[in-house]
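Report on the structure
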Amino acid sequence: MKSLFNLAGKVAVVTGGSRGIGAMIAQGLVENGVRTYITARRAEELQATADELSKLGECIAIPSNLADVDGLQGFANELKARESKIDILVNNAGASWGASIDEFPENGWDKIMDLNVKSLFFLTQALLEPLRAAASQEDPSRVINIGSINGLSYAALQNYSYSASKAAVHHLTRQLAVDLAPDNVNVNAIAPGFFPSKMTAHLLDHEEEMAKAIPRRRLGTPEDAAGSAIYLCSRASAFVTGHVLVLDGGQDVAS
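So, a few notes on the structure that sits alongside this text. (Residues numbered from 1 in each chain as written. Predicted model: local features only at pLDDT ≥ 70, side-chain atom pairs only at ≥ 80, totals over all residues. Heavy atoms only, no water.)

**Describing the overall build of the protein chain**
- When you go through the protein chain residue by residue, the secondary structure sums to nine helices and seven strands.
- For a compact globule of 255 residues, the expected C-alpha radius of gyration is about 18 Å, and the protein chain comes in at 17 Å, within 12% of that figure.
- Here the protein chain, with 255 residues, has 50% of them falling under the buried criterion.
- Taking the intrachain contacts of the protein chain between residues at least 6 apart in sequence as the baseline, contacts between residues at least 24 apart amount to 71%.
- Carbon and sulfur atoms make up 51% of the accessible area of the protein chain, which amounts to about 12,300 Å² in all.
- If the 22 positive side-chain charges of the protein chain are averaged to one point and the 29 negative ones to another, these points end up 5 Å apart. (Helix = DSSP H or I, 4+ residues; strand = E, 2+ residues; numbered from the N terminus. Rg over C-alpha atoms; globule rule 2.2 N^0.38 Å. Buried < 20%, exposed > 50% of the residue type's maximum accessible area, 1.4 Å probe, protein only. Contact = heavy atoms within 4.5 Å. Areas by Shrake-Rupley, 256 points an atom, 1.4 Å probe, with all protein chains shown as cover. Lys, Arg positive; Asp, Glu negative; His and termini not counted. Charge placed at Lys NZ, Arg CZ, Asp CG, Glu CD.)

This is the structure:
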């Protein structure tokens, strides 16, 4: 029982790993002995994060544009050239778009759906071979999709395509979990509430007010994000698949 949360020696991939929740999860994995590949579009920012995390363990940066199918496939090919087995895939890359319902543009719909849903599915598909190769019945490979509480209930931010995309991520997680269970690949999602990040930076001027709406009276921390991912990647969760872990301090149930 003492090794239930031991991840040492595993290999992980974290998309959108240069900042925000992706970087938080990547740090947790790196510190727990996981060789962790991170990817994002901005190469300089990505490498800076990898350099910082490499002080704690093994972190490798591979820049990519996952919103483009060719870029996605190129990233997958690079990973498979380096690793025959991948234990953990964290599909975190995503974006948001806000506009009133009268002005919400088509490109704001398509861009978010393509990155948040389409790329998640096709990257998972492209990495099935190394995920299956690492899997066993006792210790499955893991896919963790990052959803959002905005995909669970009404979001007052007028981020229509984002909310719809995250609801799709939650349902796609359930679908993939059943279809990949025979291959010993567990698929779960994390639905975060408010965490400090570039995506939520425009809201952080109201952090104290926001915290009052959260039963735990605070925003999420790096330890919260990393801890949830470590649980879902560890032997402790080997019998958990097809679920959405809500990580919001109780905000969704209190709304």
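**Regarding the environment of Asp68**
- In this structure, Asp68 sits in the loop between strand S3 (59–61) and helix H3 (69–82).
- Placed 47 residues apart in sequence, Asp68 and Leu115 show a C-alpha to C-alpha distance of 8.3 Å.

**Some thoughts on the environment of Asn91**
- Inspection of the secondary structure assignment puts Asn91 in strand S4 (residues 88–91).
- Exposure remark for Asn91: the relative accessible area of 4% places this residue in the buried category.
- Through-space distance from the C-alpha of Asn91 to that of Gly147 is 9.2 Å; in sequence the pair is 56 residues apart.
- Every residue in contact with Asn91, bar those within four places of it in the chain, is listed here: Thr15, Leu120, Leu123, Thr124, Val143, Ile144, Asn145 and Ile146.

**Some details on the sheet that holds strand S2 (residues 35–39)**
- With parallel pairing, the seven strands of this open sheet are ordered in space as S3-S2-S1-S4-S5-S6-S7. Looking at which strands have only one partner, the edges of the open sheet turn out to be S3 and strand S7 (244–247). Within this sheet the neighbouring strands show an average axis-to-axis angle of 20°, counted without direction.
- Pairing analysis gives three bridges linking S2 to S3, with the strands arranged parallel. Within S3, the position partnered with Tyr37 by the bridge is Ile60. (Pairing = 2+ DSSP bridges. Axes fitted to C-alpha atoms, helices over the stretch in contact; angles between N-to-C directions.)

**Some thoughts on the nonpolar core**
- Of all hydrophobic cores here, the largest spans 32 residues; its most connected members are Leu79, Leu123 and Leu127.
- If you list the elements that add at least two residues to this core, you get strand S1 (11–15), H3, helix H4 (106–126), helix H5 (128–134), helix H6 (160–180) and strand S6 (185–192).
- Discounting chain neighbours no more than four positions away, the residues touching Leu123 are Thr15, Leu66, Leu72, Phe75, Ala76, Leu89 and Asn91. (Core = buried A, V, L, I, M, F, W, Y, C linked by side-chain atoms within 4.5 Å.)

**Some details on unusual backbone geometry**
- Positive phi values are uncommon outside glycine, yet Gln158 reaches one of about 55°.
- Relative to the helices and strands, Gln158 resides in the loop between strand S5 (141–146) and H6.
- For Arg217, which is not a glycine, the phi torsion comes out positive at approximately 60°.
- Examined against the element boundaries, Arg217 turns out to sit in the loop between helix H7 (207–212) and helix H8 (222–233).

**Thoughts on a nonpolar patch on the surface**
- Together, Ile101, Trp109 and Tyr160 give the surface a local cluster of nonpolar side chains, amounting to about 310 Å² of exposed area.
- Inspection of the secondary structure assignment puts Trp109 in helix H4.
- The exposure class assigned to Trp109 is partly exposed, which follows from its relative accessible area of 35%. (Patch = residues over 30% accessible without salt bridge, like charges linked within 9 Å, V, L, I, M, F, W, Y side chains within 5 Å. Salt bridge = Lys/Arg side-chain N within 4 Å of Asp/Glu carboxyl O.)

**Quick word on the environment of Ala76**
- Tracing the chain through its elements places Ala76 in helix H3.
- When its relative accessible area of 0% is taken as the criterion, Ala76 is described as buried.

**Thoughts on the side chain of Asp248**
- Assignment of secondary structure puts Asp248 in the loop between S7 and helix H9 (251–254).
- Here Asp248 sits buried without a salt bridge, and the closest side chain of opposite charge, Arg216, lies 9.5 Å off (N-O distance).
- Here the side chain of Asp248 touches Gly250 through a polar contact of 2.9 Å, landing on its backbone nitrogen.
- Engagement of the side chain of Asp248 in a polar contact is seen with the backbone nitrogen of Asp252, the distance being 2.6 Å.
- Dropping the residues within four chain positions of it, Asp248 is found in contact with Ile149, Gly193 and Ile214. (Polar contact = N/O pair within 3.5 Å; in protein donor to acceptor, adjacent residues only side chain to side chain.)

**Describing the packing of H4 against H6**
- For the pair H4 and H6, the least separation of the axes is 9 Å and the interaxial angle reads 20°. Taken as axis vectors, H4 and H6 run roughly parallel relative to one another. Taken as a pair, H4 and H6 cross one another with a handedness that is right-handed. Touching Gly108, Trp109, Ile112, Met113, Asn116, Val117, Leu120 and Phe121 of H4 are Tyr160, Ser161, Tyr162, Ala164, Ser165, Lys166, Ala168, Val169, Leu172 and Leu176, all from H6.
- Its residues assigned to classes, the contact of H4 with H6 comprises 13 nonpolar, four polar and one charged. (Parallel < 35°, antiparallel > 145°, perpendicular 65-115°, else oblique. Left-handed = near helix turned anticlockwise from the far one by under 90°. Nonpolar A, V, L, I, M, F, W, Y, C, P; charged D, E, K, R; others polar.)

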